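# Coordinate inspection notes
Each chain, letter by letter, is given below.
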There are 2 protein chains.
Amino acid sequence: MGGFAEFDAYIRARAHEYVDELKALIRQPTVSAQGIGVEDTATLVLERARRAGIGAEALRADGGPPTIVGETGRGARTLLVYNHYDVQPPDPLDEWETPPFEPTERGGLLFGRGVSDNKGNLMARLQALEAYRATIGELPLRIRVLYEGEEESGSEHLAAFVAKYGDRLRADGCIWEAGYKDAAGRPTISCGLKGIAYVELRVRGAAKDAHSSLATIVPNPAWRLVWALATLKNERDEITIDGFMDEVRDPSAAELAELERVPFDEAGMLRIHGISHFVRDVHGAELKRKHFFEPTCTICGIVSGYTGTGSKTVLPAMASAKIDFRLVPDLTPEKVARLLRAHLDRRGFRDVEVVPSHGERPSRWPTDSPIARAAVAACRAAYGVDPVIYPLMAGSGPMAQVCDALGIPVTGFGSGNAASANHAPNENIAIADYVDHIRAFGRFLSAFAGRPLE
Amino acid sequence: MGGFAEFDAYIRARAHEYVDELKALIRQPTVSAQGIGVEDTATLVLERARRAGIGAEALRADGGPPTIVGETGRGARTLLVYNHYDVQPPDPLDEWETPPFEPTERGGLLFGRGVSDNKGNLMARLQALEAYRATIGELPLRIRVLYEGEEESGSEHLAAFVAKYGDRLRADGCIWEAGYKDAAGRPTISCGLKGIAYVELRVRGAAKDAHSSLATIVPNPAWRLVWALATLKNERDEITIDGFMDEVRDPSAAELAELERVPFDEAGMLRIHGISHFVRDVHGAELKRKHFFEPTCTICGIVSGYTGTGSKTVLPAMASAKIDFRLVPDLTPEKVARLLRAHLDRRGFRDVEVVPSHGERPSRWPTDSPIARAAVAACRAAYGVDPVIYPLMAGSGPMAQVCDALGIPVTGFGSGNAASANHAPNENIAIADYVDHIRAFGRFLSAFAGRPLE
């Protein structure tokens, strides 16, 4: 059999067909938050994994959605591949230049909900297995897959799934769902995720909307919500929930020194997001520390009263806000819920209901583990440059439910980039990056198995 | 000809037909804020006014909607009747028990958008003119009508209309659009309105929605909006805009003494609105003073980011709030806009755009003018009890544009009640109150003309 020259040639000859296969998966909507298309997508993914030679099954725990697991290949080491097949809601729809579920190529980019997060990497990795077998030979290690269907709505059933089926997931290392080129175009790898606590704050006022002339005497839940929110974070972007920042573990000197070496393209990030300055006008080391080692408290959505065209003089009957907290060690969703409730109660906001939606603990792993070193070697070989090593991705996912629960060191790299617009309109990846992820993933299999990258 | 016994009998015999005629007018949507049905409704109202013997025309000023004016009758005094034929948007639609534009009777009530505000009174007064002529004789005074089509979206063209056609509107007294039985079922009259300043606050962040993990460094307009709003009013419901309260003229000792005599059914208001306490837990004299003589600052609507089902971890690109201020003397919309801008700038909120939507000055008139005394006499005769005399309605309307501009003392009474749900879902009036308003209005014509109420 051949080496990676043949592997690359094989992939390049099939690039068009590979992208078409991804497009077919994007056309199937899978909005787990709204219960749209989950079962149908699971069937598609199960069949596709089987065609790639994986002895895959769709299993469930506690009435959750289908979770696809299976294995293929053999060798001294076992690699767990984690991806999710569900996507974020496509709203706001009118900001998409082309419909979210009609994948479209424009200027070398492929647009569609899920191309970056996370159907692209899921499909690319399956295509890499097939290309590896077709050109290099049998897989040099055991590969286990875990394809989840409710990552974008909180992985509610994953912990139960891991508890039930953990023996099918054990591995020597895990590759997580994704990875992104930075704003300067450098490939990055990461070895952890922030946690998340997503909550909804709800306030009720009168039994129904009233004429706003009654605002003199009838309580307004929108004002109650605004006043409560304003106690959570101040204008210097400091989270002011009692006791919250006390739970944040300061990064070690070694972590800060490592972060010091991480390049960060500030001008590129400003340009991509169309902003003139960062929060609190941070720069340099302070910006990187804030981004990678600090928690957040974000209004993801707020609504009350009349929000349509023109004016309506109404006193709303209810108000609500969706808030996400990105968590660094040692914050947990449970601590956040408890601190938030106590903070609001202490300030007289007992009328502000806190409805927890979903949560994940943070998960941090060494950047010099065998799995991380395999990722570095694979990226170097595939891209011809050393990848940037982030301590973690600022995003979140159920990594702790899998890797911490089973003690599996983890890394992540993938086909996205800093302008991929995950969770936003016009989500996209570069088609060249998609092909390169297939190339890099094949090399990663050899590297983690201790084989040469030739 | 007859007296009011015959007048009442005539009306009662036609009550069913009268209500059917109102229903037909409700079925025609007229949402001026959304440009829905204004021209069609104007045509219906014009034809109906002509059938009532009014030499009516539909005129326009400065490209505004059709405004219907006309006159009928003769006598020493002239009465101006002001109504508007447009209605508020029906949102939120899913809270209506029956569709807003399908008028429906339930339990003696008539439900539908506009039955109370303001198509009901418009129609009842036309039916009263016809019944008066049919039973008592020729009208004892000159009646002029002014039917506006954009009251619910700010009466943008009314000042220009009054400037252009003022000669057709001059009168010795004006009856304003509406009036309401209080929570205890007592008829009320009022002699003024609060003003209003309706503005939208808008904040922009990144060029488009972003993944919320970027909240560490990408500014969030929803937070900027919350922080800005929290500086406008505090948790004690005190408006804290610099200089705002300095513009509020304290009520006189005479006004407070008069207010002291006004009954206010607190338990009834709590019950109607389904609340356990009033704002700041006010009661008694303080409640009445706050309701009638203090301004408001109300969040009528607020929206940013994802507000759908489930969760979406998004950093919004924009946030906005609709705010209405109810104005007492000597506040004006112009002063509010200027104070608000300066207040925000002084606190570093130059990024919060203030978009004025519409405004009206407050308008206050004596409660013992001839027109007010005619209203009291008419209500006493029709209802058999003394009406409650409010110094003003806490609502707003373009009263200053008409009555202050032309120097016409004004009063208001009508067919609504404290649970009519104006501007809210399930707007309604009692059918008995509708019939009684026709009865009271006929008596009002005689009273203002100095004729006996027999």
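Residues numbered from 1 in each chain as written. Chains lettered and ligands numbered in written order. Predicted model: local features only at pLDDT ≥ 70, side-chain atom pairs only at ≥ 80, totals over all residues.

### Examining the interface of chain B and chain A
Selection criterion: Residue pairs qualify as contacts under a 7 Å threshold applied to their C-beta atoms, which are placed from the backbone. Counting from the N terminus, the helices are the DSSP runs of H or I reaching at least four residues and the strands are the DSSP runs of E reaching at least two. Just so you know the grouping, Ala, Val, Leu, Ile, Met, Phe, Trp, Tyr, Cys and Pro go in nonpolar, Asp, Glu, Lys and Arg go in charged, and all remaining residues, Gly too, go in polar. What makes two strands pair is DSSP finding at least two bridges between them.
Each side of the interface is counted separately: chain B has 75 residues, and chain A has 74 residues. A per-element tally of the side of chain B that touches chain A places strand β12 (residues 298-305) of chain B first, with eight residues. In terms of residue class, the side of chain B that touches chain A is made up of 33 nonpolar, 29 polar and 13 charged. In this structure, strand β12 (residues 298-305) of chain A lies alongside β12 of chain B, joined through five bridges in antiparallel fashion. In the strand pairing of β12 of chain B, Ser 304 of chain A is matched with Ile 302 of chain B.

### Quick notes on the sheet that holds strand β2 (residues 67-72) of chain A
Residue and element names in this part refer to chain A. The test is simple: To get an axis, a line is fitted to the C-alpha atoms, and for a helix only the part in contact is used. The angle between two axes follows their N-to-C directions and goes from 0 to 180 degrees.
Sheet architecture is open: six strands sit in the order β1-β2-β6-β3-β7-β19, paired in mixed fashion. A single partner strand is all that each edge strand has here, and the edge strands are β1 (57-59) and β19 (410-411). Pairing geometry for strand β3 (residues 78-84) and strand β7 (residues 173-175), over three bridges, is parallel. Its bridge partner lying in β7, Leu 79 is registered against Gly 173. Its contacts with the sheet place helix α3 (residues 38-51) against β1, β2 and β6 (142-148), and it is angled at close to 0° to β2.

### What to know about the relation of the copies chain B and chain A
Both copies of the chain are placed relative to one another by a rotation about an axis and a shift along it. Counted only if it meets this: Only residues with pLDDT of at least 70 in both copies count here: their C-alpha atoms drive the least-squares fit that superposes the copies.
Least-squares fitting of chain B to chain A yields an RMSD of 0.1 Å, with the superposition described by an axial translation of 0.0 Å and a rotation of 180°. Taken together, the rotation and translation relating the two chain copies correspond to the operation of a two-fold axis. Identified as the residue of chain B closest to the rotation axis by C-alpha distance is Val 303 of chain B, at 2.3 Å.

### Here we look at the packing of helix α2 (residues 15-27) of chain A against helix α4 (residues 119-135) of chain A
All names here are of chain A. Just so we agree on the cut-off: For classification, angles of less than 35 degrees are called roughly parallel, those exceeding 145 degrees roughly antiparallel, those between 65 and 115 degrees roughly perpendicular, and all remaining angles oblique. Note: crossing handedness is left-handed where the near helix turns anticlockwise from the far helix by less than a right angle, and right-handed where it turns clockwise.
Two elements in contact, α2 and α4, have axes separated by 10 Å at closest approach and are oriented at 140°. Judged on the interaxial angle alone, α4 and α2 are oblique. Once α2 is placed against α4, the crossing between them reads as right-handed. On the side of α2, the interface is formed by Tyr 18, Glu 21, Leu 22, Leu 25 and Ile 26, while α4 contributes Lys 119, Gly 120, Met 123 and Gln 127. Across the contact of α2 with α4, the residue classes tally to five nonpolar, two polar and two charged.

### Here we look at the environment of Leu 315 of chain B
Counted only if it meets this: To assign burial, the other C-beta atoms lying within 10 Å of each residue's own C-beta are counted, with C-beta atoms placed from the backbone; 20 or more indicates buried, 12 or fewer indicates exposed, and intermediate counts indicate partly exposed.
With respect to the secondary-structure elements, Leu 315 of chain B resides in strand β13 (residues 314-315). Note on Leu 315 of chain B: 30 C-beta atoms within 10 Å, which makes it buried. Between the C-alpha atoms of Leu 315 of chain B and Ser 304 of chain B, which are 11 residues apart in sequence, the distance is 9.4 Å. When residues no more than four places from it in sequence are discounted, the contact partners of Leu 315 of chain B are Thr 298 of chain A together with Asp 209, Ala 210, His 211, Ser 212, Leu 214, Ala 215, Val 218 and Asn 220 of chain B.

### A short note on the domain arrangement of chain A
Residues and elements named next belong to chain A. Inclusion rule: Per the annotation, domain bounds derive from an automatic or database assignment of domains.
Split into domains, chain A comes out as domain 1 (4-191 + 365-448) and domain 2 (195-248 + 294-360). Here the C-alpha centre of domain 2 lies 34 Å away from the C-alpha centre of domain 1. Grouping the amino acids of the side of domain 1 that touches domain 2 by side-chain chemistry returns three nonpolar, four polar and one charged.

### Digging into the environment of Ser 446 of chain A
Residue and element names in this part refer to chain A. By the secondary structure assignment, Ser 446 is in helix α13 (residues 431-448). Classification of Ser 446 as buried rests on a count of 24 C-beta atoms within 10 Å. Spatially, the C-alpha atoms of Ser 446 and Tyr 132 are 9.6 Å apart, while their sequence positions differ by 314 residues. Dropping the residues within four chain positions of it, Ser 446 is found in contact with Pro 140, Arg 451 and Leu 453.

### Focus on the sheet that holds strand β4 (residues 104-106) of chain B
Residue and element names in this part refer to chain B. The strand order across the open sheet built from three strands is β4-β5-β21, with neighbouring strands paired in antiparallel fashion. The open sheet has two free edges, formed respectively by β4 and β21 (428-430), since each of these has just one partner strand. The average angle at which neighbouring strand axes cross in this sheet is 25°, direction not considered.

### Here we look at the nonpolar core
For clarity, the threshold we go by: Each nonpolar core comprises buried Ala, Val, Leu, Ile, Met, Phe, Trp, Tyr and Cys residues, the members being joined through C-beta atoms within 7 Å.
Grouped together as the largest cluster of nonpolar side chains are 270 residues, with contacts concentrated most on Cys 174 of chain A together with Cys 174 of chain B. With near-sequence residues (within four places) excluded, Cys 174 of chain B lies in contact with Leu 80, Tyr 82, Ile 371, Val 402, Cys 403, Ile 408 and Val 410 of chain B.

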